[in-house]
Amino acid sequence: MTENKPPLDPNLKALESEAIHIFREVAGEFERPVMLYSVGKDSSVLLHLARKAFYPGPIPFPLLHVDTGWKFAEMIAFRDRMVAEFDLDLVAHTNPRGSLENVTPFTHGSSVYTNIMKTEALRQALDAGHYDAAFGGARRDEEASRAKERIYSFRTPDHRWDPRNQRPELWSIYNGMIRKGESVRAFPLSNWTEVDIWRYIQAENIPIVPLYFAAERPVVERDGMLILAEDKRLELLQGEVRRMETIRFRTLGCFPLTGAIRSSATTLDEIIEELETATVSERQGRAIDRDEAGSMEKKKREGYF
Amino acid sequence: MSANVETAVRSQVQTDAAIRNARPLRLITCGSVDDGKSTLIGRLLWDTKAVKEDQAAALKGQKSIQQNELGLPDFALLLDGLQAEREQGITIDVAYRYFSTDKRSFIVADTPGHEQYTRNMATGASTADLAVLLVDARAGLLEQTRRHATIASLMGIRQFVLAVNKIDLVDYDRSIFEHIAAEFRQLALSLGVTNVTPIPVSALLGENVVHSGHQSMPWYSGPPLIEALELATQRTAQAVGFRLPVQRVSRPNESFRGYQGTVAGGSVKPGDSVVILPSGTVANVRQIVTFDLVRNAAVAGDAITLVLDRPVDVARGDMIASVDAAPVSGLAFDAKLVALSEDAIAPGKRYWLKSSSRRQRVRVEPQSVLDLKSGQWSQTHNLPLNAIGKVHLAFDETAIFDPYEANRETGAFVLIDPDTNNTVAGGMITAKSGRIDGIGSGGKDRVLISLPADTADELLASEAFATLRDHIEIRRVSGQEARAVLDTLD
Ligand SMILES: Nc1nc2c(ncn2[C@@H]2O[C@H](COP(=O)(O)OP(=O)(O)O)[C@@H](O)[C@H]2O)c(=O)[nH]1
């Protein structure tokens with residue numbers, strides 16, 4: 001319990017209440033929910049909201065981390081710290097094809113790699129757990145194909161998303177009726193924007209991975225992106241130089257595919273200020289969205305979050 | 001010209017870390033094809049900097065993208081999220097857009113204007129506090145405008161903004177604007193909506209959207225669209241009786257038992273007497289628990305955990321409500337429906353009805369259908385896709401509602417087809433049905449029993465009596481009054 005905290009502003013309060021409502025509704029209606037936990041800032045907020053929703057009880061479902069094996073080392077350390085601190089039930093899954101077939105972001109390209117190590121891995125983990133509902137931290141403001149996403153997003157038994165066949169969603173009444181094998185992805189943060197996320201992290205004092213804050217870090221420039229050069233598996237290509245720069249990350253994923261931004265924002269206040277004057281979107285640093293037009297929609301149809 | 005506009009927009013200083021001191025305003029935009037709805041929304045997003053440069057650049061980078069005369073990206077493309085739509089060049093579903101100013105955040109339900117998409121509009125309108133209706137200044141009000149206004153009012157929207165767009169194309173003519181505005185006020189009035197703000201707008205040039213259009217329209221003294229939105233009010237369900245639809249029972253250990261849900265009306269504080277429906281059991285509130293602190297009150301919209309002062313039987317789907325302003329329980333209700341599915345709503349078919357956290361079986365009998373063109377209701381027995389109808393609902397087990405007019409949370413429901421699990425209708429309760437067909441609701445055999453007050457309370461609170469609660473009329477009278485009543489009966 002947090003003490004002596006100023007009350008949330010009405011905007012954040014409304015978003016928080018809506019998210020808690022969704023958490024409770026899914027927990028009340030489904031037999032085997034699970035929460036996707038990607039360790040990023042949105043997941044941190046999601047985790048905090050889940051703790052609030054079920055307080056004074058524990059979170060009544062496990063967390064699932066799809067670990068590609070290529071996450072930032074600091075993310076894994078942070079994840080394990082959260083699990084210990086909040087006594088979480090965490091399931092981590094890595095697609096065995098990764099090591100069997102040596103699937104890496106360098107050898108297979110971001111598209112194939114993402115498909116195998118994220119989308120396929122997620123399907124494997126969801127099947128193995130027989131989960132009928134999975135919470136995700138996606139927001140509608142993130143990307144064009146998400147703008148029409150429902151709060152309860154219906155998935156076929158093979159986890160496919162059919163944008164033309166989603167159920168109408170009126171008021172805050174959610175239809176959780178599914179047949180065996182079908183499932184629902186539930187998005188409590190649908191109506192949050194990136195700034196809301198940061199304001200909430202600040203207001204609620206939510207722990208996040210330190211990579212979000214600016215610091216001097218080793219980087220290389222590749223395909224117009226600044227890539228963190230800490231992991232031994234990153235081999236420098238011809239002409240690339242490793243140098244120190246003051247950078248931070250707006251989103252976190254697999255280190256070879258996530259671009260840093262040059263920034264001196266070392267506090268939440270500075271991050272929020274930077275964001276409010278930003279002229280590019282947060283997904284700009286992600287290789288996955290740039291592959292082709294409509295790439296997110298395509299990945300989602302295949303079962304990606 | 002294009003560079004100027006862009007720099008002007010970009011250089012506008014934005015105050016940082018402003019505290020939004022209101023809940024997000026939810027609005028819906030409606031217009032006919034080519035009225036400029038995409039341009040208007042694009043303009044709102046662009047001028048409030050909700051669209052970032054890489055998103056615009058991605059569009060500019062694509063072939064076959066037309067940029068408009070101002071060098072701004074093609075807004076329609078920016079908004080059309082899905083590939084399927086891009087291929088067909090139409091907007092097929094409700095999309096949600098987000099933007100904010102220093103004062104407030106906004107959530108726009110962007111719905112397509114085609115007449116067959118009543119379903120999408122109803123979806124977008126169900127959560128909206130306000131509707132922006134768009135007309136082309138050259139064309140004035142259309143049949144579509146009437147349809148959109150009718151659906152918006154039916155879904156409970158009580159604030160309209162009329163954006164008279166493309167005002168630049170009629171030379172900023174004041175009399176044209178005023179004529180359309182007057183005509184629209186009449187239309188709104190016929191639907192019972194009095195809160196109407198007409199605004200002359202050029203979405204393309206950005207006049208009276210976010211920035212003032214005073215330069216071109218010195219005769220207009222009202223606010224630009226964004227200010228009208230900042231000042232709009234939200235419907236709160238705080239004035240009505242306390243409602244807590246129970247989503248979950250929390251029992252982390254033997255000593256704690258809390259009922260979790262979001263307050264759907266009124267307010268509550270420790271010590272309040274509440275009734276649990278449908279059982280009819282009465283209890284008092286002992287504690288309001290949240291993660292942050294034990295609170296001394298909760299109001300509509302708050303997600304809380306309620307602890308009662310005695311062990312009672314409460315399950316998901318039950319409603320905890322104020323004892324002295326309880327919702328209506330019954331086996332038959334009248335409602336209005338919007339049919340959302342290709343399969344018509346068929347008479348006598350049994351559906352699942354979900355309202356708040358409660359799901360139960362219902363039989364639906366369509367009575368009449370609304371002709372959106374004339375505003376007339378005519379008799380019918382089934383409701384095809386996009387039809388708006390009046391229906392009669394018959395339940396096997398007690399249902400609990402407020403009229404939608406009084407409470408949008410507890411008066412709304414969806415119908416789910418048990419064969420497909422699809423959501424096939426959205427509905428709004430109008431009243432408890434006057435028809436006599438539930439068990440025991442017959443009007444004739446009424447019995448008057450008079451009891452001492454505390455005995456009466458005890459009896460009413462008992463579980464055995466609970467199912468009958470609905471059929472009992474309670475009048476608290478003094479002994480003297482009671483005697484007078486009894487005397488008149490003999
Ligand atoms: N002159 C002028 N043209 C406009 C205005 N708003 C939209 N348009 C044009 O009207 C056409 C239709 O606009 P669009 O936003 O695509 O309409 P929608 O079908 O309602 O989304 C486009 O060519 C726009 O550039 C305006 O205020 N003034």
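One can find the structure itself at the top, above this paragraph.
Visitor: Would you mind going over the pairing of strand β12 (residues 281-289) of chain B with me for this structure?
Guide: Residues in a regular strand point their side chains to alternate faces of the sheet. Residues and elements named next belong to chain B. With 4 bridges connecting them, strand β11 (residues 273-277) and β12 associate as antiparallel partners. If you follow valine 275 over to β12, its bridge partner there is valine 282. Between β11 and β12, which pair antiparallel in sequence order, lie 3 residues; one of them, glycine 280, sits at a positive phi of approximately 90°. Two elements, β12 and strand β15 (residues 303-308), share 4 bridges in a ladder whose sense is antiparallel. Paired with glutamine 287 across the bridge in β15 is valine 307. Sheet topology places β12 next to strand β13 (residues 294-295); 2 bridges connect them, and they run antiparallel. Considered in β13, the bridge of isoleucine 288 is made with arginine 295. Turn length for the β12-β13 hairpin, with the two strands adjacent in sequence and antiparallel, is 4 residues.

Visitor: I tried to follow the packing of helix α2 (residues 41-54) of chain A against helix α6 (residues 194-204) of chain A on my own but got confused; where do I start?
Guide: Angle between the axes and distance between the axes are the two parameters that describe a pair of packed helices. Residue and element names in this part refer to chain A. Two elements in contact, α2 and α6, have axes whose closest approach is 10 Å; the angle formed by their N-to-C orientations is 55°. Between α2 and α6, the angle is such that the two are oblique. Note that α2 runs across α6; the crossing there is left-handed. Where α2 approaches α6, its residues Lys41, Asp42, Val45, His48, Leu49 and Lys52 are matched on the opposing element by Glu194, Ile197, Trp198, Tyr200, Ile201 and Glu204. Of the residues contributing to the contact of α2 with α6, the split by class is 6 nonpolar, 1 polar and 5 charged.

Visitor: How should I be thinking about the sheet that holds strand β6 (residues 195-200) of chain B in this particular structure?
Guide: Whenever strands of a sheet pair, they do so through backbone hydrogen bonds, lying parallel or antiparallel. Residue and element names in this part refer to chain B. The strand order β2-β3-β1-β4-β5-β6 describes an open sheet built from 6 strands, whose pairing is mixed. Looking at the sheet topology across the chains shown, the edges are occupied by β2 (95-100) and β6. Ignoring strand direction, the axes of neighbouring strands in this sheet form an average angle of 25°. Relative to β2, helix α2 (residues 37-47) is tilted by about 35°, and along the sheet it contacts β1 (25-30), β2, β3 (105-110) and β4 (130-136). Running at roughly 160° to β6, helix α8 (residues 174-190) makes contact with β4, β5 (159-165) and β6 of the sheet.

Visitor: Before we go on, may I ask you to explain the packing of aromatic side chains in this structure?
Guide: Pairs of aromatic rings are described using the distance from one ring centre to the other and the angle between the two planes. One pass over the structure, following the stated rule, counts 24 aromatic pairs over all chains. Here the aromatic rings of phenylalanine 333 of chain B and phenylalanine 395 of chain B are separated by 6.3 Å at their centres, their planes lie at 80°, and the arrangement is edge-to-face. Taken together, the residues phenylalanine 333 of chain B in strand β17 (residues 328-339) and phenylalanine 395 of chain B in strand β21 (residues 388-401) connect sequence positions 62 residues apart. Here phenylalanine 333 of chain B matches phenylalanine 395 of chain B in class, with each residue buried. The rings of Trp70, Phe72, Phe106, Phe249 and Phe255 of chain A are connected pair by pair, giving a single aromatic cluster. One cation-aromatic arrangement involves arginine 361 of chain B over tryptophan 352 of chain B; the distance from NZ or CZ to the ring centre is 4.4 Å.

Visitor: Help me out: how do you make sense of α6 of chain A in this one?
Guide: Quick reminder: α-helices carry 3.6 residues per turn. Residues three or four places apart thus point the same way. All names here are of chain A. Extensive coverage of α6 is indicated by the burial of 9 of its 11 residues. All buried positions along α6 are accounted for by Glu194, Val195, Asp196, Ile197, Trp198, Arg199, Tyr200, Ile201 and Glu204. Directly beyond the C-terminal end of α6, a positive phi value near 60° is found at asparagine 205.

Visitor: Any chance you could explain the pattern of salt bridges here in plain terms?
Guide: Oppositely charged side chains can form a pair if their charged atoms are brought close together. Residues and elements named next belong to chain A. Summed over all chains, the structure comprises 42 salt bridges over all chains. The salt bridge involving aspartate 67 is made with arginine 79; its shortest N-O contact spans 3.9 Å. Highlighted residues: aspartate 67 in the loop between β2 (63-66) and α3 (73-86) and arginine 79 in helix α3, separated in sequence by 12 residues. No difference in accessibility class separates aspartate 67 from arginine 79, as the two residues are buried.

Conventions and cut-offs
- Residues numbered from 1 in each chain as written.
- Chains lettered and ligands numbered in written order.
- Predicted model: local features only at pLDDT ≥ 70, side-chain atom pairs only at ≥ 80, totals over all residues.
- Heavy atoms only, no water.
- Pairing = 2+ DSSP bridges.
- Helix = DSSP H or I, 4+ residues; strand = E, 2+ residues; numbered from the N terminus.
- Axes fitted to C-alpha atoms, helices over the stretch in contact; angles between N-to-C directions.
- Parallel < 35°, antiparallel > 145°, perpendicular 65-115°, else oblique.
- Left-handed = near helix turned anticlockwise from the far one by under 90°.
- Contact = heavy atoms within 4.5 Å.
- Nonpolar A, V, L, I, M, F, W, Y, C, P; charged D, E, K, R; others polar.
- Phe/Tyr/Trp six-rings, centres within 6.5 Å; stacked < 30°, edge-to-face > 60°.
- Buried < 20%, exposed > 50% of the residue type's maximum accessible area, 1.4 Å probe, protein only.
- Lys NZ or Arg CZ within 6 Å of the ring centre and 35° of its normal.
- Salt bridge = Lys/Arg side-chain N within 4 Å of Asp/Glu carboxyl O.

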